[in-house]
Amino acid sequence: MYPHERSLVKKLADKPFALVGVNSDRDLQELKPVLESEHITWRSFWNGPQGTGGPIAAEWGVQSWPTLYIIDQKGIIRHKNLRGEAMEEAIDKLVAEAEAKK
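All values derive from a computational prediction rather than experimental measurement. (Residues numbered from 1 in each chain as written. Predicted model: local features only at pLDDT ≥ 70, side-chain atom pairs only at ≥ 80, totals over all residues. Heavy atoms only, no water.)

**A short note on the overall build of the chain**
Put simply, the rule reads: The numbering of helices and of strands both runs from the N terminus, where a helix is a DSSP run of H or I of at least 4 residues and a strand a run of E of at least 2. Burial classification: accessible surface area is computed with a 1.4 Å probe over protein chains only, and a residue below 20% of its type maximum counts as buried, one above 50% as exposed, and the rest as partly exposed. Here, residues are in contact when the closest pair of their heavy atoms is within 4.5 Å. Working convention for charge: Lys and Arg count positive, Asp and Glu count negative, and His plus the chain ends are omitted. Charge positions come from single atoms, namely NZ of Lys, CZ of Arg, CG of Asp or CD of Glu.
The helix and strand inventory of the chain stands at 4 helices and 4 strands. Overall size of the chain, expressed as C-alpha extent along the three principal axes, is 40 × 30 × 25 Å. In the chain, buried positions account for 25% of the 102 residues. A fraction of 38% describes how many contacts in the chain between residues 6 or more apart in sequence connect residues 24 or more apart. Each charge sign in the chain was given a centre, from 14 positive and 15 negative side chains, and these centres are 5 Å apart.

Okay, here's the thing in structure tokens:
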């Protein structure tokens, strides 16, 4: 998924868009070099040493990884687990909505 995420961040760099990740690796020290080597430039939070059972996943009710939430500019979850073209279309629509409100 990292290549697709990187392309979204690049494509939408000057748009009202933010990508936020939650990483479920259990070892933070082992995760840090991966974030660097994969060029993860967006905010990425660590779910803690419990891995997929950590506090962020518990709070959001995540049952499988990856779980994708597409949230609008008001903080409302508009889509969950869209992939591929459907995800791109949903993001483009929400970005256009946000830009129209400027």
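Right, picking up where we left off after that structure.
**Section: the nonpolar core**
Among soluble globular proteins, nonpolar side chains are generally buried collectively. Cut-off, in case you're wondering: Here, nonpolar core means buried Ala, Val, Leu, Ile, Met, Phe, Trp, Tyr and Cys residues that are tied together by side-chain atoms lying within 4.5 Å of each other.
L8, L12, L68, I70, M87, A90, I91, L94 and V95 together form the largest nonpolar core, which totals 9 residues. No other element matches the 5 residues that helix α4 (residues 84-100) contributes to this core.

**Section: the pattern of salt bridges**
Using the following cut-off: When a carboxyl oxygen of Asp or Glu lies within 4 Å of a side-chain nitrogen of Lys or Arg, that pair is called a salt bridge.
In this structure the tally under the stated criterion is 6 salt bridges. Among the ionic pairs, K11 bridges to E88, the shortest N-O distance being 3.0 Å. Here the residue K11 occupies a position in helix α1 (residues 2-11), and E88 occupies one in helix α4, the gap between them amounting to 77 residues. Its relative accessible area of 44% is what places K11 among the partly exposed residues. We note a salt bridge from K15 to E99, for which the minimum N-O separation is 3.3 Å. Taken together, the residues K15 in the loop between α1 and β1 (20-23) and E99 in helix α4 connect sequence positions 84 residues apart. With relative accessibility at 37%, the residue K15 sits in the partly exposed group. Exposure remark for E99: the relative accessible area of 30% places this residue in the partly exposed category. Through salt bridges with shared partners, a single ionic network connects K11, E88 and D92.

Remember that the coordinates give geometry; whether it matters functionally is a separate question.
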